[in-house]
Amino acid sequence: MNPLPHLRTLFEPILTQLATNAAKVPDYLGMIRVSQNPEHGDYQANFAMPLAKELKKKPPDVAAEIIAKLPENDLLELPQVAGPGFINLKLQSDWLAQQVRSMAADSRLGITPLAQPKKFVIDYSSPNVAKPLHVGHIRSTIIGDALTRLLRYLGHSVISDNHLGDWGTQFGMLIHGYRNFLVQEAYAKDPLRELARVYVEIRHLIAKEAEDLAIAKRVFPDDIEDLQTPTVVQCQRETAKLHAGDPDNVALWQEFMPHCLEALHQVYHKLGILPFDHEHGESFYNPMLPGVVADMLAKGIAFESEGAIVVPNVKGNVPKTEEERKKEEPPALIRKKDGAFTYTTSDLATIKYRIEAFQPDAMVYVVDFRQALHFRTFFAQARRWGCSDVALEHVSFGAMLSREGKPLKTREGNASELLPLLDDAVELGLRSYRESYAQRKEFGHDVPELSDAVIQDIAEAIGSGAVKYADLSQNRNSDYKYDPEKMLATEGNTATYMQYAYARCRAIFRKGQIDDARFRSSPPAVMIVHPAERTLCLQLLRFEEALLSAAAEYMPHYITAYLWDLAKSLSVFYENCPVLTAESPELKESRLLLVDLGGRVMKQALDLLGIRTVERM
Ligand code: ARG
């Protein structure tokens, strides 16, 4: 139900006829865009300027020629030429009204089924387990979840895979901690909590050792790898034993894993994210790693260098001489001198497995910008290795910062954990609801009296919705400032505002005691009387366009931008167009349809972002 393709179809034959170079027509058609200023029409076509250059004519003349060639149609009003040759396009209100009516009758809200659905594998969340989930992982989880929902809704097939880091040094830390610091009774009672405590204790110990040894003061302790304190050495030894298949360490790893996963799933549950199709962690690929290295060696893609096995980097040419080697970017390691495999080896095994198991068209990795180099080089290596028929995409995102723009820390100065943060958001959600309740009461609004359980449910929807929306409404490439106050604001581009806007749509039906079913099964005629109705109709029809562009660029913030525009048009509509007290029964029916459809679109768009709506607030 997207007006754009209709417009393109209308202009295509004319442009094909006029252009001397037919290859340029698709570019020209791409120059029909939503107009930034409604005074310049609903859409604006900017192709007259380049076409005039091609034809060596004046742009306004070419624009006039195009308009003169337009066939009679019920889509557009007579277009106007503006400025240096812009063509302003205004849709006919009758056409708009009819389209909105069909959209209301469609359970898919006018989203056209895809001609060529694709198969995606999306790798997201993917935390290193055995340590508490850190706020940094929240962005991958939220963005990946929204993209999965969106692509599925559009009709693609999506396989979601949580590529757990379940095989790293953190397990050496747990094993060492288990053997030396575990309190048995506590472990018997609540293994999860005791393991978390042991993990923190080890980290503190390492931090202290590092301080005593005056090892560089750096952001600690996220990565212990290069801090050679006695405890780190012991932990690394345990990790190496685990990797070598030591039965005791493997047994402990098997004992710990279910607890680690349980902790993780608690957070996912709280966040309300979709269950993953697969959670193949790094351990799953471990047995495949020697085969990867052997195959790459056999195919002449990898080579030995000073005892290690390396793959030449992005440029792809294997340096032959010492001179050449010095000039090359550093090649990627796939097996270290000591025989250990690397993150890259594991990702290469993963990609091969996924291609064989799922045959996807595209593989999407939702991972922090800091891994950009890893993905760039690993993609190049994978292509050389033969993974050439699959689109590879690193959907990167910026850092999550405090309101002051610093890395997020807890009061104790550690990097923030996720769970308390979510609990705080729900707490704030509850406060926000109570404030709004009191305010609406004071203004004499009709506020529903709700039970404590219902209010708690609303607070949870508000709290987790606020966290998600604040993240998703940013261009994902920007750093994102975590600001609870701002994200829970009841005015502006926030989840809370959208949730209230949705509840307001529902309240009208409750207040009028009107059943919404008939606005969907046999929608009444849509009447466009007031400009605010026209704007709202246009906005409703742009839903598909917003979803398609968000999916094409993996940019969820296009959906929140759409929601924000929709919410604004709804609010202007309410100001100008009485619904329950409309002048005629036909107009009332038409307006009820707009309210119902507005609510449905809001709910659907929020749902695609993984955000819950409630019927009354
Ligand atoms: N576990 C990694 C980390 O926390 C992210 C993994 C991303 N996925 C991948 N296939 N490399 O940094």
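In what follows, the structure referred to is the one given above.
Now for a description of the structure that goes with this document. Worth saying up front: this structure is predicted, and the values here are computed from it rather than measured. (Residues numbered from 1 in each chain as written. Predicted model: local features only at pLDDT ≥ 70, side-chain atom pairs only at ≥ 80, totals over all residues. Heavy atoms only, no water.)

### Things to note about the overall build of the protein chain
So the rule is basically this: The helix count covers DSSP runs of H or I at least four residues long, the strand count covers runs of E at least two residues long, and both are numbered beginning at the N terminus. Burial here depends on accessible area, computed with a 1.4 Å probe over protein chains only, as a share of the maximum for the residue type. Under 20% is buried, over 50% is exposed, and the range in between is partly exposed. A contact between two residues is defined here by any heavy atoms of the two lying within 4.5 Å. Accessible surface area values rest on a Shrake-Rupley calculation with a 1.4 Å probe, where residue burial reflects the displayed protein chains alone. Within this scheme the basic residues Lys and Arg register as positive and the acidic residues Asp and Glu register as negative, but His and the chain ends are omitted. Here the site of a charge means NZ on Lys, CZ on Arg, CG on Asp, or CD on Glu.
Within the protein chain, the regular secondary structure consists of 25 helices and 13 strands. Sorting the 617 residues of the protein chain into buried and exposed places 51% on the buried side. A separation of at least 24 residues holds for 71% of the contacts in the protein chain among residues at least 6 apart in sequence. A total accessible area of about 28,900 Å² is found for the protein chain, and carbon and sulfur atoms account for 52% of it. On the protein chain, the mean spot of the 70 positive side-chain charges and the mean spot of the 82 negative ones are 3 Å from each other.

### Some points on the packing of aromatic side chains
For any pair of aromatic rings, the description consists of the separation of the ring centres together with the inter-plane angle of the planes. What counts, and what does not: The rule is short: rings of Phe, Tyr and Trp, with Trp giving its six-membered ring, pair when the centres are within 6.5 Å, and they are stacked under 30 degrees, edge-to-face over 60, tilted in between. Note on criteria: charge over ring means Lys NZ or Arg CZ within 6 Å of the ring centre, with the direction from the centre no more than 35 degrees off the ring normal.
Under the definition given, this model contains 22 aromatic pairs. Judged by centre distance (5.8 Å) and plane angle (80°), the rings of Y497 and W564 are edge-to-face. With Y497 in helix α20 (residues 495–511) and W564 in helix α24 (residues 557–576), this residue pair connects regions lying 67 residues apart in the sequence. Residue classification places Y497 among the buried residues on the basis of a relative accessible area of 15%. Overall, W564 belongs to the partly exposed group, its relative accessible area being 25%. Here the aromatic cluster, defined as three or more aromatic residues joined through ring pairs, consists of F284, Y285, Y353 and F358. A cation sits over an aromatic face here: R108 above Y153, 5.0 Å from the ring centre. Directly above the aromatic system of F509 lies the positively charged group of R506, at a separation of 5.4 Å from the ring centroid.

### Focus: the packing of helix α9 (residues 191–212) against helix α11 (residues 247–271)
The line we're drawing: Only the stretch in contact is used when a helix axis is fitted, and all axes are lines through C-alpha atoms; the angle between N-to-C directions ranges over 0 to 180 degrees. Small angles under 35 degrees read as roughly parallel and large ones over 145 as roughly antiparallel, with 65 to 115 read as roughly perpendicular and the rest as oblique. Gly falls in the polar group here, along with every residue not listed as nonpolar (Ala, Val, Leu, Ile, Met, Phe, Trp, Tyr, Cys, Pro) or charged (Asp, Glu, Lys, Arg).
The contact between α9 and α11 brings their axes to 9 Å, and the two run at 95°. Between α9 and α11, the angle falls in the class roughly perpendicular. Contact residues: P191, L192 and L195 in α9; F256, H259, C260, E262, A263 and Q266 in α11. Broken down by class, the residue content of the contact of α9 with α11 amounts to 6 nonpolar, 2 polar and 1 charged.

### Concerning the nonpolar core
Worth spelling out the cut-off: Residue types Ala, Val, Leu, Ile, Met, Phe, Trp, Tyr and Cys, when buried and joined through side-chain atoms within 4.5 Å, form a set referred to as a nonpolar core.
Formed by 161 residues in total, the largest nonpolar core has its most connected members in F11 and I66. Among residues more than four places away in sequence, those in contact with I66 are F11, I14, L15, L18, F47, L51 and I87.

### Some thoughts on the site of the ligand
Test applied: A single heavy atom is enough: if one lies within 4 Å of a molecule or strand, its residue is considered near that molecule or strand. N or O atoms closer than or at 3.5 Å make up a polar contact, with two conditions inside protein: a donor-capable atom paired with an acceptor-capable one, and, for residues adjacent in sequence, both atoms drawn from side chains.
Neighbouring residues of the ligand: D123, S126, N128, H137, H163, Y343, D347, Y365, V367, Q371 and F375. D123 is positioned such that a nitrogen or oxygen atom in its side chain is 2.8 Å from a nitrogen atom of the ligand. Note that an oxygen atom of the ligand is positioned 2.9 Å from one of the side-chain N or O atoms of Q371. Surface burial for the ligand is 89%, taken as the share of its 350 Å² of free accessible area covered by protein chains. Its residues placed into classes, the shell around the ligand shows 4 nonpolar, 5 polar and 2 charged.

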